[in-house]
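Structural characterization, general
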Amino acid sequence: MDSLITAAARALQAGDPLGALKRIALRDDAPALALRGIAMAQLGELAKARVLLRRAARSFGPRERVERARCVTAEAEVALASRDLRWPTHALEEARSTFGALGDRDNELHAALLQIRRLLLIGRVTEAGGALDKLDLRAAPAMLMARG
């Protein structure tokens, strides 16, 4: 990653979406689009965030599977936040599989928890409970447990 992308990512992690946007607002490369999407989500601009995250996912190359999967996961999270439950669930399942295949257990768990949240929101409580029972949460990061 270049220094502006790194600085923007750090700004987002610190909760400073405007600081992130100052660094990458005019860029259209895939990492900048993804970070702009996250910044817009932090600012509450959910529709714009989804568009940017979708563009970012399409912009990453075939060797950047993890990056695409992260964009899909972020887009699913934005969709849930905006209560748009019509988003394509197969894309999140593919992202979850990608994370699992690459040994990224934290992101795999995050994707699974998003799927469960969606099930709860559409009223499929029994199915959500069954899916939650199948997860191994013993080594889950505290941040995921708080959000789940």
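These numbers come from a predicted model, not from an experiment. (Residues numbered from 1 in each chain as written. Predicted model: local features only at pLDDT ≥ 70, side-chain atom pairs only at ≥ 80, totals over all residues. Heavy atoms only, no water.)

**Description of the overall build of the chain**
What counts here: Segments assigned H or I by DSSP are reported as helices when at least four residues long, segments assigned E as strands when at least two residues long, and all are numbered from the N terminus. We compute the radius of gyration from the C-alpha atoms alone; for a globule the expected value is 2.2 Å times N to the 0.38, where N is the number of residues. Exposure classes here rest on a 1.4 Å probe applied to the protein chains alone. A residue is buried below 20% of its type maximum, exposed above 50%, and partly exposed in between. Two residues qualify as a contact provided that any one of their heavy atoms is within 4.5 Å of a heavy atom in the partner residue. Per-residue and other accessible areas follow the Shrake-Rupley method at a 1.4 Å probe size, with only the shown protein chains counted as cover for residues. Residues scored as charged are limited to Lys and Arg (positive) and Asp and Glu (negative), so that His and the chain ends carry no count. For this purpose, a charge sits on NZ of Lys, CZ of Arg, CG of Asp or CD of Glu.
Counting secondary structure elements, the chain contains nine helices and zero strands. Secondary structure of the chain in N-to-C order comes out as α-α-α-α-α-α-α-α-α. Over its C-alpha atoms the chain spans a radius of gyration of 15 Å, differing by no more than 12% from the 15 Å that the globule rule assigns to 148 residues. Dimensions of the chain, computed from C-alpha atoms along their principal axes, come out at roughly 45 × 30 × 30 Å. The buried share among the 148 residues of the chain stands at 39%. Taking all contacts inside the chain whose residues are at least 6 apart in sequence as the whole, residues at least 24 apart take part in 48%. Roughly 8600 Å² of accessible area belongs to the chain as shown, and the carbon and sulfur atoms make up 53% of that amount. Each charge class in the chain can be summarised by its mean position, and for the 24 positive and 18 negative side chains these summaries are 3 Å apart.

**Some points on the side chain of Asp-84**
As for its placement among the helices and strands, Asp-84 is situated in the loop between helix H5 (65-81) and helix H6 (89-101). Of the residues examined, Asp-84 reaches a relative accessible area of 15% and is grouped as buried. Sequence-distant contacts of Asp-84, that is, excluding residues within four places in its chain, are made with Arg-50 and Ala-79.

**So, helix H3 (residues 30-42)**
For clarity, the threshold we go by: Here, expected helix span is obtained from the residue count minus one, scaled by 1.5 Å.
With 13 residues, H3 ought to run about 18 Å at 1.5 Å a step, and its terminal C-alpha atoms sit 19 Å apart, in line with that. Within H3 the residues assigned to the buried category are Ala-30, Ala-32, Leu-33, Ala-34, Leu-35, Arg-36, Gly-37, Ala-39 and Met-40. In this fold, the buried residues of H3 make contact with helix H1 (3-13), helix H2 (17-24), helix H4 (46-59) and H5. Positive phi appears at Gly-44, one or two residues downstream of H3, with a value of about 90°.

**A short note on the pattern of salt bridges**
Defined as follows: For this analysis, a salt bridge means a side-chain nitrogen from Lys or Arg found within 4 Å of a carboxyl oxygen belonging to Asp or Glu.
Tallying each qualifying case throughout the model produces 10 salt bridges. The shortest N-O distance in the salt bridge between Asp-29 and Arg-27 comes to 3.0 Å. For Asp-29, a relative accessible area of 27% translates into the label partly exposed. The class for Arg-27 is partly exposed, based on a relative accessible area of 21%. Here Arg-50 ties to Glu-75 by a salt bridge, and the two come within 3.7 Å at their closest N and O atoms. Pair noted here: Arg-50 is in helix H4 and Glu-75 is in helix H5, with a separation of 25 residues, a long-range link.

**Some remarks on the environment of Gly-130**
Checked against the element boundaries, Gly-130 lands in helix H8 (residues 125-133). Residue class for Gly-130 comes out partly exposed when judged on its relative accessible area of 29%. Each C-alpha atom, one on Gly-130 and one on Ile-116, is 9.4 Å from the other, the two residues being 14 residues apart in sequence.

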